[in-house]
Amino acid sequence: MSDEQIGDYAIIGSLGKGGFGSVWKAKAPSGKTVALKVLNPQVLDNQKVVKKFFHEAMILAKLDHPNICKMIEFFPDGDNYAIVMEYVEGTELKELIQQANGLLPFDQAFRIAKQALDAFQYAHENGILHRDIKPANIMIDTIGNSKIMDFGIAKVAGAATHDTAASMLSVHYTPPERFDPSKTVDQRSDIYALGLVFYEMFAGRKPFDADETSQIMFWHLNEIPEPPEDFVKGLPKEISDAINIALEKDPDDRFQDFREFSDAIGQGDPDIDYSSQLTTDSEATMIGDQTIVTASIEPKKLKKPRRGRKKGVPVPVIAGIAAAVIVLLVAGFFAYTSLVSREQPGVSATAEKKPLVVPDKPVEVTHPKDNTIMTLIPEGAFTMGSDTWDAEKPMQQITLDKYYIDKYLATNNMFQKFVEETQYVTDAEKDDSGMVRIGRRWKKVEGAIWRSPDGTDSIDGKEDYPVSQISYNDALAYCQWAGKDLPTEAQWEKAARGPNGNEYPWGNSEPNDTTANFDNLIGAPTPVKDYEKGQSVYGNQDMAGNVYQWCKDWYGTGERQAKNPTGPETGKEHVIKGGSFLEGMESLRSPNRDRYAPNYSSFLFGFRCACEEIE
Amino acid sequence: MSFVTIGTASHIGLRKEENQDFFAYNAPEDGTVPKEGILLALADGMGGRPGGATASRIAIDVIIEEYYKNIESNSILKSLNKAFLKANEQVMAKGDEDRSFQGMGTTLVVVVLKRNKIYYANIGDSRGYLIHNNEISQFTKDHSVVADLVRAGYITEDQAPTYPGGNIITKAIGIDAELKVDTAKNVKKTRDGQYILLCCDGLYREVPDEEVLKIVKEYQEPDLICDKLIEKANEHGGDDNITVMIAKIDKTNRLSDLAGRVINLVR
């Protein structure tokens, strides 16, 4: 297998084999080492389950926590599916426990416990259950940090059955409610399984152990375990009690979330920092024995982990500047203590480049056909393009006649009315599939049409979200029905960046989570009125992020007409602008542009209309 | 002297695209019974194509080869255990060698008839039954979640057949390197007029024990019984592959003309 290639990844060697498939050490095209899990084909026989997993994979790929093994992407590989994960050098907790002959040193166990609880709380806050917590799924890296692996994978395999798959149930870490399919499995089931793992770490033995699986099941269902403190002299009572609460038979009697569990086990030794230690310079730059780290942006929905901090030291929050993290080098195994503060929303450290020409107060008009609010963009010049990228060159003064452009993106509700009236069938509907990005890979997904842009989630209840999974042809058809047109690229760009040639609709500061839906922070489109703070000087919203927007022009490069440019006469692809909820800040720059064929439909593509006159 | 008559049948069923079951038994052509005994083995493969069928075939091939190669005359059960572990190893090795076979597995139930004794071992939920006079009883232990829940006292035997997740097994050949094989706790004695039935879940999920018993009593001859059982399973829906093997213990060699199919078992 070592000469093999799976997708874009070159296999280096085997990392093992589990119930769901095999795990390989592999090299990504970037040269980065990754772990690649190939799911057994029979695990994925059930297409409905695979579809669900695709959906969950998108959330999994966004989990970003120091104690969760990062999922990078998920892609089909022949009949199999491969999950690409962060490669973690270290030892499975299972092996550590075996090597320690059961009982781990207290500080090590406490550190693992605290980090695991933080990671699971974070995952559950983001709607992800693990469903297969066991020591073999907790990796301890080379400096002692926990890394939880295989989030959500058990869900796929759990649906497999005897005749379609090697469906195996390991009963050692199975909560009692799992034996009754009519009962709900939620985070409290994960809490039970983690309680069993902690029992092993702190008591040096499993609470229920026998060769007969029926005996173990019986104990799970009926037996109250002996308190761990009975086996280990000096084990803090709060830890022993907390483990027993986690192992209550009735989920209602357990901790209701991981934070409660974490609080109950206490703080450990006040002189020890149990939080994750930094391992690379990707987050930190060493300056002597101090390190300054720029804090990441707080995503709107994807909650950031609570980082641990040394007790008694206040967390600095410095308004008006990008916050810093100070990492103090301390001696011994626990090398660093990290303190994190958050960037203040909407505040930028980047200075504006030019004096602003402030336009008059935006003029808004309601269009009579589709009742959209349109903003008036007055006649005049603006700076189009940039010198940054060849595709954006040249930077040019362009003059446009006055025009109107939709203040908001076209919504599902608007498109629904259009379809009802015209019986229009979109390009994706003709094909019953559209493009969806899973991890870093694009895939044509069956059923991905404007009514369910990612092929899984329906737009029901999302009337005010931008319509997406829309081709150029679809967008143009709507605009023409509404007595409007698609904006030319120049019209779009002027509406976005204003007369001053701003880099972004709101100015020249980089986007953040209050100005745009971008960088996969939320992982899905958001209602078209959500980012008022990111509107352009003319009042247009979502000119950066949320979904890409089609422009009328065929794609071309080079010098444009100085007045009212409309792009090349012919072409193969049309321009799209604005970036999307998945793209990073570069794509959100107003001069940024991309291009696609007129019938290309993607869950990232939507539109807004423009017109020269309103009757 | 008793004689053993063996009948077998396997059918794809009415819903599956492939028969992933496999079975075999040793049938010395000269009619003599080897001192190692007569071995009957049945496997129900799991996994997508081509995994399941491959796993069951490998398991059966290996079990027969290994059992007779490494027989320990004083311990049939030890030999069976070793052969099971070898089969497990070989199925796993095939998965390692070729990714399209990864994760395949199989159940395996094996009976050895030697002198007047019935030795057995099993993994998964394929079963062995003893049928005598008006009684039918399962002598193997299912390795399935539902069977464990019955043993744990959580559900009753009556609830088991319809309890959700009935087809989730807890052990299989080819999945876990640390396999613990269930070998017979109580070796059974053969009795004249007794039938030993090996079958996969494609039979017992469709045909209730009473109907099996009725068919055995009505048709008496192993081959005929096997055909009728498959017919009946398909009448009931034929949701899965169906494989049955029957060994009939008899005092008289009534079918001795069927060389290789009727074996005298020296007492």
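A few points about the overall build of chain B
(1) Moving on: Scanning chain B for helices and strands turns up 6 helices and 13 strands.
(2) Moving on: Out of the 267 residues in chain B, the part that is buried amounts to 60%.
(3) Moving on: Considering only intrachain contacts with a sequence separation of at least 6, the fraction spanning at least 24 residues in chain B is 74%.
(4) Moving on: Put simply, chain B shows about 11,100 Å² of open surface, and 47% of that area lies on carbon and sulfur atoms.

Brief notes about the overall build of chain A
(1) Moving on: A count of helices and strands for chain A gives 13 helices and 25 strands.
(2) Moving on: For chain A, buried positions account for 54% of its 615 residues.
(3) Moving on: Partitioning the intrachain contacts of chain A with sequence separation of at least 6 by distance along the chain shows that 69% fall at a separation of at least 24.
(4) Moving on: Total accessible area on chain A is roughly 25,900 Å²; 49% of this is exposed by carbon and sulfur atoms.

Considerations on the pattern of salt bridges
Residues and elements named next belong to chain A.
(1) Moving on: Inspection of every chain in the model, using the stated rule, returns 43 salt bridges over all chains.
(2) Moving on: R254 serves as the salt-bridge partner of E177, at 2.8 Å between the closest nitrogen and oxygen. With E177 in the loop between α4 (153-158) and α5 (187-203) and R254 in the loop between α7 (237-246) and α8 (258-264), the pair connects residues that are 77 residues apart, well separated along the chain.
(3) Moving on: Close ionic contact of R589 with E586 constitutes a salt bridge, the shortest N to O distance being 2.9 Å.
(4) Moving on: Taken together, the shared-partner salt bridges connect E489, E493, R497, K577 and R593 into one network.

Topic: the sheet that holds strand β24 (residues 605-606) of chain A
All names here are of chain A.
(1) Moving on: Read from one edge of the open sheet, 4 strands run β23-β22-β21-β24, paired in mixed fashion. The sheet is open, and its two edges are formed by β23 (594-596) and β24, each paired on a single side.
(2) Moving on: As judged from the 3 bridges shared by strand β22 (residues 574-577) and β23, these two strands associate in the antiparallel manner. Paired with I576 across the two strands is D594, which belongs to β23.
(3) Moving on: Contacts from helix α11 (residues 472-481) reach β21 (548-554) and β22, with the element oriented near 85 degrees to β21.

So, the side chain of S214 of chain A
(1) Moving on: One can find S214 of chain A in helix α6 (residues 213-222).
(2) Moving on: The class for S214 of chain A is buried, based on a relative accessible area of 8%.
(3) Moving on: Residues contacting S214 of chain A, with those up to four places away along its chain left out, are D148, R151 and A152 of chain B.

Quick word on the packing of aromatic side chains
Residues and elements named next belong to chain A.
(1) Moving on: A complete count under the given rule lists 27 aromatic pairs over all chains for this structure.
(2) Moving on: For the ring pair Y472 and W550, a centre distance of 5.9 Å and an interplane angle of 75 degrees mean the geometry is edge-to-face. Remark: W550 occurs in strand β21 and Y472 occurs in helix α11; sequence separation between them is 78 residues.
(3) Moving on: Positioned above the aromatic ring of Y555 is the side chain of R595, whose terminal nitrogen or guanidinium carbon lies 4.4 Å from the ring centre.

Points about a negative patch on the surface
(1) Moving on: A surface patch of like charges, here negative, comprises D460, E463, D464 and D530 of chain A.
(2) Moving on: With respect to the secondary-structure elements, D464 of chain A resides in the loop between β20 (441-446) and α11.

Overview of the confidence of the model for chain A
All names here are of chain A.
(1) Moving on: Looking at chain A as a whole, its pLDDT mean stands at 79, while 78% of the residues score no less than 70.
(2) Moving on: Below pLDDT 50 for its whole length, residues 156-167 participates in 37 contacts with residues either more than four positions away or in separate chains.
(3) Moving on: Across residues 279-358 the pLDDT falls below 50, and counting only partners more than four positions away or on other chains, this stretch makes 151 contacts in the model.

Details of the confidence of the model for chain B
(1) Moving on: The predicted model of chain B averages 86 in pLDDT, with 88% of residues at 70 or higher.
(2) Moving on: Below pLDDT 50 for its whole length, residues 253-260 of chain B participates in 13 contacts with residues either more than four positions away or in separate chains.

Focus: the nonpolar core
(1) Moving on: Ranked by size, the top nonpolar core spans 110 residues in total, and within it M201, F202, F415, Y478 and F607 of chain A carry the most contacts.
(2) Moving on: The element contributing the most residues to this core is α5 of chain A, with 11 residues.
(3) Moving on: Counting 50 residues, the second largest nonpolar core, distinct from the first, contains F22, A41, L108 and Y119 of chain B.

What about the pairing of strand β7 (residues 127-132) of chain B?
Residue and element names in this part refer to chain B.
(1) Moving on: Among the 6 residues that make up β7, 6 are buried, leaving the element largely enclosed by the rest of the structure.
(2) Moving on: Burial along β7 is two-sided: the face carrying R127, Y129 and I131 and the face carrying G128, L130 and H132 are both buried.
(3) Moving on: One ladder, built from 5 bridges, connects β7 with strand β11 (residues 195-199); its direction is antiparallel. Directly across from Y129, in β11, lies its bridge partner L197.
(4) Moving on: When β7 meets strand β8 (residues 135-138), the two strands line up antiparallel, connected through 4 bridges. Residue pairing in the sheet places I131 in a bridge with I136 of β8.
(5) Moving on: The antiparallel hairpin formed by β7 and β8 contains 2 residues in its connecting segment, where N133 sits at a positive phi of about 50 degrees.

Quick look at the environment of D401 of chain A
Residues and elements named next belong to chain A.
(1) Moving on: On the secondary structure map, D401 appears in the loop between β17 (396-400) and β18 (403-406).
(2) Moving on: Take D401: its relative accessible area is 34%, and that puts it in the partly exposed class.
(3) Moving on: Expressed as a C-alpha distance, the spacing of D401 and N564, which sit 163 residues apart in the sequence, is 6.9 Å.
(4) Moving on: Setting aside residues up to four positions removed in sequence, D401 forms contacts with I377, E379, K563 and N564.
(5) Moving on: Here the side chain of D401 touches K563 through a polar contact of 3.4 Å, side chain to side chain.
(6) Moving on: Separated by 2.9 Å, the side chains of D401 and N564 make a polar contact.

Looking at the sheet that holds β18 of chain A
By definition, the strands of a sheet pair up through backbone hydrogen bonds, in either a parallel or an antiparallel sense.
All names here are of chain A.
(1) Moving on: Across the sheet, 4 strands lie side by side as β14-β15-β18-β25; this open sheet has antiparallel pairing. The sheet terminates laterally at β14 (364-366) and β25 (610-611), the two strands that pair on one side only.
(2) Moving on: Sheet topology note: the β18/β25 ladder contains 2 bridges and is antiparallel. What sits directly across from I405, in β25, is A610.
(3) Moving on: Packing of helix α12 (residues 489-497) onto the sheet brings it into contact with β15 (373-377), β18 and β25, and relative to β18 it is tilted by some 75 degrees.

Re the packing of helix α5 (residues 209-219) of chain B against helix α6 (residues 222-235) of chain B
To characterise two packed helices, one gives the angle between the axes of the helices and the distance between these axes.
All names here are of chain B.
(1) Moving on: Running from N to C, α5 and α6 cross one another at 145 degrees; their axes reach a closest spacing of 9 Å. Crossing hand, α5 versus α6: right-handed. Of the residues in α6, those touching α5 at E211, V212, I215, V216 and Y219 are L224, I225, K228, L229 and K232.
(2) Moving on: Class assignment of the residues belonging to the contact of α5 with α6 gives a composition of 7 nonpolar, no polar and 3 charged.

Remarks on the packing of helix α9 (residues 412-422) of chain A against α11 of chain A
Residues and elements named next belong to chain A.
(1) Moving on: Taken N-terminus to C-terminus, the directions of α9 and α11 make an angle of 80 degrees; their axes are 11 Å apart at the nearest point. By the angle between their axes, α9 is roughly perpendicular relative to α11. Across the interface between the two elements, M414, F415, K417, F418, E421 and T422 of α9 pack against D474, A477, Y478 and W481 of α11.
(2) Moving on: Across the contact of α9 with α11, the residue classes break down as 6 nonpolar, 1 polar and 3 charged.

Basis of the calculations
- Residues numbered from 1 in each chain as written.
- Chains lettered and ligands numbered in written order.
- Predicted model: local features only at pLDDT ≥ 70, side-chain atom pairs only at ≥ 80, totals over all residues.
- Heavy atoms only, no water.
- Helix = DSSP H or I, 4+ residues; strand = E, 2+ residues; numbered from the N terminus.
- Buried < 20%, exposed > 50% of the residue type's maximum accessible area, 1.4 Å probe, protein only.
- Contact = heavy atoms within 4.5 Å.
- Areas by Shrake-Rupley, 256 points an atom, 1.4 Å probe, with all protein chains shown as cover.
- Salt bridge = Lys/Arg side-chain N within 4 Å of Asp/Glu carboxyl O.
- Pairing = 2+ DSSP bridges.
- Axes fitted to C-alpha atoms, helices over the stretch in contact; angles between N-to-C directions.
- Phe/Tyr/Trp six-rings, centres within 6.5 Å; stacked < 30°, edge-to-face > 60°.
- Lys NZ or Arg CZ within 6 Å of the ring centre and 35° of its normal.
- Patch = residues over 30% accessible without salt bridge, like charges linked within 9 Å, V, L, I, M, F, W, Y side chains within 5 Å.
- Lys, Arg positive; Asp, Glu negative; His and termini not counted.
- Charge placed at Lys NZ, Arg CZ, Asp CG, Glu CD.
- pLDDT = per-residue confidence, 0-100.
- Core = buried A, V, L, I, M, F, W, Y, C linked by side-chain atoms within 4.5 Å.
- Polar contact = N/O pair within 3.5 Å; in protein donor to acceptor, adjacent residues only side chain to side chain.
- Left-handed = near helix turned anticlockwise from the far one by under 90°.
- Nonpolar A, V, L, I, M, F, W, Y, C, P; charged D, E, K, R; others polar.
- Parallel < 35°, antiparallel > 145°, perpendicular 65-115°, else oblique.

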